[in-house]
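So the chains spell out like this:
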Amino acid sequence: LAQAEDKRRHGLTVSTHPFPTMGKFIKSGRVIVLLQGRFAGKKAIVVKAFDDGSRARPFGHCLVAGVDKAPLKVNKTMSKKKIAKRTRVKPFIRYVNYNHM
């Protein structure tokens, strides 16, 4: 208690909570890298964060969107059908556990 008073006198912030929690840094619009699963190594953007979990998923998770398959290079000699297939972007949207990012 004396240490806390000393810190307050010097203008430092002191946590009054018995177990200090991490700050919430996973917010909407934040870019993340998925670490596990089918999309491991892919970058994604957080659409919505569920810090306290939900009834269906009782753990911290978030809804993310990203690019599964980026467009490939095309050149003049390719047919229109091939160009259409190669320029297609394959997106993904899924719920991800905070431990997997």
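Everything that follows concerns the structure shown earlier in this document.
Residues numbered from 1 in each chain as written. Predicted model: local features only at pLDDT ≥ 70, side-chain atom pairs only at ≥ 80, totals over all residues. Heavy atoms only, no water.

Asks: I tried to follow the nonpolar core on my own but got confused; where do I start?
Replies: A general tendency of soluble globular proteins is for nonpolar side chains to be buried together. Among the nonpolar cores identified, the biggest contains 11 residues, and these are Ile26, Ile32, Leu34, Phe39, Ala44, Val46, Cys62, Val64, Phe92, Val96 and Met101. The residues contacting isoleucine 26, other than those within four sequence positions of it, are Val46, Ala49, Cys62, Tyr98 and Met101. (Core = buried A, V, L, I, M, F, W, Y, C linked by side-chain atoms within 4.5 Å. Buried < 20%, exposed > 50% of the residue type's maximum accessible area, 1.4 Å probe, protein only. Contact = heavy atoms within 4.5 Å.)

Asks: Would you explain the sheet that holds strand E2 (residues 43–50) in this entry?
Replies: In a beta sheet, neighbouring strands pair by backbone hydrogen bonds and run either parallel or antiparallel. Read from one edge of the open sheet, four strands run E1-E2-E3-E4, paired in antiparallel fashion. With one partner strand each, in any of the chains shown, strand E1 (31–33) and strand E4 (90–97) form the two edges of the open sheet. On average, adjacent strands in this sheet sit at an angle of 40° to one another, irrespective of strand direction. Pairing of strand E3 (residues 61–69) with E4, which is carried by eight bridges, proceeds in the antiparallel orientation. Within E4, the residue paired with valine 67 across the bridge is proline 91. (Pairing = 2+ DSSP bridges. Helix = DSSP H or I, 4+ residues; strand = E, 2+ residues; numbered from the N terminus. Axes fitted to C-alpha atoms, helices over the stretch in contact; angles between N-to-C directions.)

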